[in-house]
Amino acid sequence: MARGAGPVVAVIPARFASTRLPGKPLLTETGKTLIQHVYEQVRKVAALDRIVVATDDERILIAVRAFGGEAVMTSSHHPSGTDRIAEAVKNIDCAKVVNVQGDEPEIEP
């Protein structure tokens, strides 16, 4: 467990139906999906106890689980990633939640 009052969870919101680039989390231009690149960067953060992808699309859920990541389904009606995260952590024991943007594959851990 991370230092502090309780578990620290990173949540990566990922939706398929982006208006600018539908299916963006599943793009595989480099041989891995975009969401896998983000997940792997976040996994490098030692202070995290858990990483969860919050998605409204079964294709993303399946892709995340295929590379060994954790993903949960959320409603498709959320107006923002923050709302998606709030739903995802309702049943997760955590003291802190870190919102990680799902389209930053080179995010600095």
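How each quantity is defined
- Residues numbered from 1 in each chain as written.
- Predicted model: local features only at pLDDT ≥ 70, side-chain atom pairs only at ≥ 80, totals over all residues.
- Heavy atoms only, no water.
- 1 Å grid on protein atoms, 1.4 Å probe; cavity = no way out; pocket = protein on both sides within 12 Å on 5 of 7 lines; lining within 4 Å.
- Points joined across faces, edges and corners; volume = space filled by probe spheres on them.
- Helix = DSSP H or I, 4+ residues; strand = E, 2+ residues; numbered from the N terminus.
- Nonpolar A, V, L, I, M, F, W, Y, C, P; charged D, E, K, R; others polar.
- Core = buried A, V, L, I, M, F, W, Y, C linked by side-chain atoms within 4.5 Å.
- Buried < 20%, exposed > 50% of the residue type's maximum accessible area, 1.4 Å probe, protein only.
- Contact = heavy atoms within 4.5 Å.
- Pairing = 2+ DSSP bridges.
- Axes fitted to C-alpha atoms, helices over the stretch in contact; angles between N-to-C directions.
- Salt bridge = Lys/Arg side-chain N within 4 Å of Asp/Glu carboxyl O.

## Considering the layout of surface pockets
Taken as a whole, the largest pocket spans an internal volume of roughly 430 Å³. Secondary structure elements with two or more residues in the lining of the largest pocket: strand 1 (8-14) and helix 3 (81-88). In terms of residue count, the dominant contributor to the lining of the largest pocket is helix 3 (three residues). Residues belonging to the lining of the largest pocket are distributed by class as follows: five nonpolar, nine polar and five charged.

## Comments concerning the nonpolar core
Ranked by internal contacts, the top residues of the largest apolar core, which has 17 residues, are Ile12, Ile35, Val42, Ile51, Val53 and Val64. Only strand 1, helix 1 (34-42), strand 2 (50-55) and helix 2 (58-66) provide two or more residues apiece to this core. Those residues in contact with Ile12 that sit more than four places away from it in its chain are Ile35, Val38, Tyr39, Val42, Ile51, Val52, Val53, Ala54, Val100, Gln101 and Gly102. Core analysis: the second largest hydrophobic core is formed by eight residues, Val52, Ala54, Val89 and Ile92 among them.

## With respect to helix 1
For helix 1, the tally of buried residues reaches eight of nine residues, placing the bulk of the element in the interior. Inspection of helix 1 places Leu34, Ile35, Gln36, Val38, Tyr39, Glu40, Gln41 and Val42 among the buried residues, and these make up the whole buried set. In the core, the buried residues of helix 1 are packed alongside strand 1, strand 2 and helix 2.

## Here we look at the sheet that holds strand 2
With parallel pairing, the four strands of this open sheet are ordered in space as 3-2-1-4. In this open sheet, the two edge strands, each paired with only one partner strand, are strand 3 (71-73) and strand 4 (96-99). With strand direction ignored, the average angle separating the axes of adjacent strands in the sheet is 30°. Against the sheet, helix 2 contacts strand 1, strand 2 and strand 3, and its axis sits at roughly 160° relative to strand 3.

## Some words on the pattern of salt bridges
In total, this model carries five salt bridges according to the counting rule given. Its salt-bridge partner being Asp103, residue Lys24 comes within 3.1 Å of it at the nearest N-O pair. Of the two residues, Lys24 is situated in the loop between strand 1 and helix 1 and Asp103 in the segment after strand 4; the sequence distance between them amounts to 79 residues. Judged by its relative accessible area of 22%, Lys24 falls in the partly exposed class. Taking the shortest distance from any N to any O, the salt bridge between Asp57 and Arg59 comes out at 2.7 Å. Accessibility expressed as a relative area gives 47% for Arg59, which makes it partly exposed.

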